[in-house]
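Each chain, letter by letter, is given below.
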Amino acid sequence: MKHKFYGGPLSLYSGKARAYLDWKGVDYEEILSTTEVYKTIIVPKVGRPVIPVMVTGDGETLQDTTLIIDHFEAKIGGPSVYPDTPKQRLVALLMEVFGDEWLVIPAMHYRWNYNEEWVYGEFGAVAAPDASQEEQLAIGRERGQTFKGFCPILGINEQTIPAIEASYEALLADLDRHFSQYDYLLGSRPSIGDFGLIGPLYAHLYRDPASGEIMKRLAPKVAEWVERMVDVQQPLSGEFLPDDEVPETLVPVLERMMTEQMPFLQKTADIFAAWARANPDMEIPRAVGMTDFTIEGVTGQRIAPPFSLWMLQRPLDYYRQLEESDKSAAEEFLSTIDGALAFRDFTMERPLAFENFKLILH
Ligand SMILES: N[C@@H](CCC(=O)N[C@@H](CS)C(=O)NCC(=O)O)C(=O)O
């Protein structure tokens, strides 16, 4: 049986997994996550309505793009999206966290504040592909409202929007400089970091028409990278740069992550530690409260999601288990990145695991 991939063209994380599956040369069938599919397949198998979901040829259900990717990395072998060398591997893992868990902010802002009506139509087209356009719009409006409703709790509001836009435009400029020299983050092969970034930078920030216009105008090289990522010409091709080189052009991108996202993640970890002490037997909720974040000097409040900590554990665990000489190479590299102390000295009292589609204390 062929692997079945349930997702949708407008979905951020579907874009991440699909780009990977295509690069890895996985033979799969993509099935639209219609209302019927949610009801008969996704919710019964995963326990909640979420995409993407992969049901492998062996009947195993995988949710979470990171687990889907790691499953095929282990099964297929061959060229990997995880570099072998310490600095590149660390940067790739960090960029995955940045794309997956932080760039959702500009992605959601531009989607809902620049493309709202168009997106309703898209939601409808996925939910009920056979319905009339009018019916699709009505269905899409209802379904899309839920997602639009996430904007305020993600920290998107009148005060923060100018800062979110300034930060996104600066990020585009940095990435445009990078992609004018390199095909992918770390050479001619995409890494797990590229797949983290492609989620927000494809579905919301390239494919949504008004967002795509902005990207193509401000950062044409980023738009070309998006096209390379989603329209794979040669699966399993390319190499990471030799000698564990991390291009200089990635430094400002890493610094943006370290100064915007990392302090927020530390606050989230502190709140989560207190929550876990107070609620030892409770199922871990999607958010453990609200906390501050600062972008371009503007401070807002957003939900503190424990899931982001599970993602951050990947680069943290990798960094902390490095053997001496690799560790010093990584440490020396981090010392050149403003704000990276927040990562190096990150404190997480309660490690997390993600099992059976749920976060649990480790
Ligand atoms: N970290 C997950 C996130 C999946 C996710 O949040 N998917 C979105 C659509 S792109 C969704 O279904 N959200 C609905 C929800 O989580 O309630 C992954 O990598 O798969």
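Residues numbered from 1 in each chain as written. Predicted model: local features only at pLDDT ≥ 70, side-chain atom pairs only at ≥ 80, totals over all residues. Heavy atoms only, no water.

Visitor: Could you clarify how one ought to interpret the pairing of strand β7 (residues 352–355) in this entry?
Guide: Regular strands have side chains that alternate between both faces of the sheet. Across 4 bridges, β7 lies against strand β8 (residues 358–361) in antiparallel orientation. Its bridge partner being in β8, Leu352 is matched across the sheet by Leu361. (Pairing = 2+ DSSP bridges. Helix = DSSP H or I, 4+ residues; strand = E, 2+ residues; numbered from the N terminus.)

Visitor: Explanation requested: helix α1 (residues 12–24) in the structure shown.
Guide: The terminal C-alpha atoms of α1, which comprises 13 residues, lie 19 Å apart, in line with the 18 Å expected from a rise of 1.5 Å per residue. Within α1, 11 of the 13 residues are buried, which leaves the element mostly enclosed by the surrounding structure. Burial in α1 covers these residues: Leu12, Ser14, Gly15, Lys16, Ala17, Arg18, Ala19, Tyr20, Leu21, Trp23 and Lys24. Phi for Gly25, located one or two positions after α1, is positive at around 75 degrees. (Expected span 1.5 Å × (residues − 1). Buried < 20%, exposed > 50% of the residue type's maximum accessible area, 1.4 Å probe, protein only.)

Visitor: Explanation requested: a nonpolar patch on the surface in the structure shown.
Guide: On the surface, a cluster of nonpolar side chains totalling about 230 Å² of accessible area is made up of Phe150, Ile153 and Met290. Here Met290 is to be found in strand β5 (residues 290–295). (Patch = residues over 30% accessible without salt bridge, like charges linked within 9 Å, V, L, I, M, F, W, Y side chains within 5 Å. Areas by Shrake-Rupley, 256 points an atom, 1.4 Å probe, with all protein chains shown as cover. Salt bridge = Lys/Arg side-chain N within 4 Å of Asp/Glu carboxyl O.)

Visitor: Just to check I follow, could you spell out unusual backbone geometry for this structure?
Guide: As a rule of thumb, non-glycine residues mostly have phi less than zero, and peptide bonds are mostly trans rather than cis. Pro52 follows Ile51 through a cis peptide bond whose omega is 0 degrees. In this fold, Pro52 is placed in the loop between α2 (35–46) and β3 (53–55). Backbone geometry at Leu236 places phi at a positive 60 degrees, although glycine is not the residue there. When you line up the elements, Leu236 lands in the loop between α12 (220–230) and α13 (251–278).

Visitor: Just checking my understanding: could you explain the nonpolar core for this structure?
Guide: Counting 107 residues, the largest nonpolar core has Met215, Trp225 and Phe343 as its most contacted members. Per-element accounting of this core gives the leading share, 12 residues, to α13. Among residues more than four places away in sequence, those in contact with Met215 are Tyr168, Leu172, Leu201, Leu205, Tyr206, Pro220, Val222, Ala223 and Val226. Formed by 10 residues, the second largest nonpolar core is a distinct cluster that contains Ile31, Ile42, Val53 and Val55. (Core = buried A, V, L, I, M, F, W, Y, C linked by side-chain atoms within 4.5 Å. Contact = heavy atoms within 4.5 Å.)

Visitor: Help me understand the domain arrangement of the protein, please; the structure alone is not making it clear to me.
Guide: When the parts come together, some accessible area is lost, and that loss is often what is quoted as the size of the interface. Its domain assignment divides the protein into domain 1 (3–76), domain 2 (87–244) and domain 3 (250–361). Inter-centroid distance (C-alpha atoms) of domain 1 to domain 3 is 26 Å. Here domain 1 and domain 3 share 1 salt bridge between them. Residues Asp70 and Arg314 are paired through a salt bridge, measuring 3.2 Å at the closest nitrogen-oxygen approach. Run the count over domain 1 and domain 3 and you get 1 residue pair in polar contact (both at pLDDT 80 or more). If you list the elements that add at least two residues to the side of domain 1 that touches domain 3, you get α2, β4 (61–63) and α3 (65–76). (Domains from an automatic or database assignment. Polar contact = N/O pair within 3.5 Å; in protein donor to acceptor, adjacent residues only side chain to side chain.)

Visitor: Looking at this model, I keep getting lost on the site of the ligand. Mind explaining?
Guide: Around the ligand lies a shell of 14 residues, among which Ile51, Gln63, Asp64, Thr65 and Arg286 are the nearest. One nitrogen or oxygen atom from the side chain of Arg286 is found 2.9 Å from an oxygen atom belonging to the ligand. Starting from 500 Å² of accessible surface for the ligand in isolation, the protein chains cover 86%. Grouping the amino acids of the shell around the ligand by side-chain chemistry returns 8 nonpolar, 3 polar and 3 charged. (Near = heavy atom within 4 Å. Nonpolar A, V, L, I, M, F, W, Y, C, P; charged D, E, K, R; others polar.)

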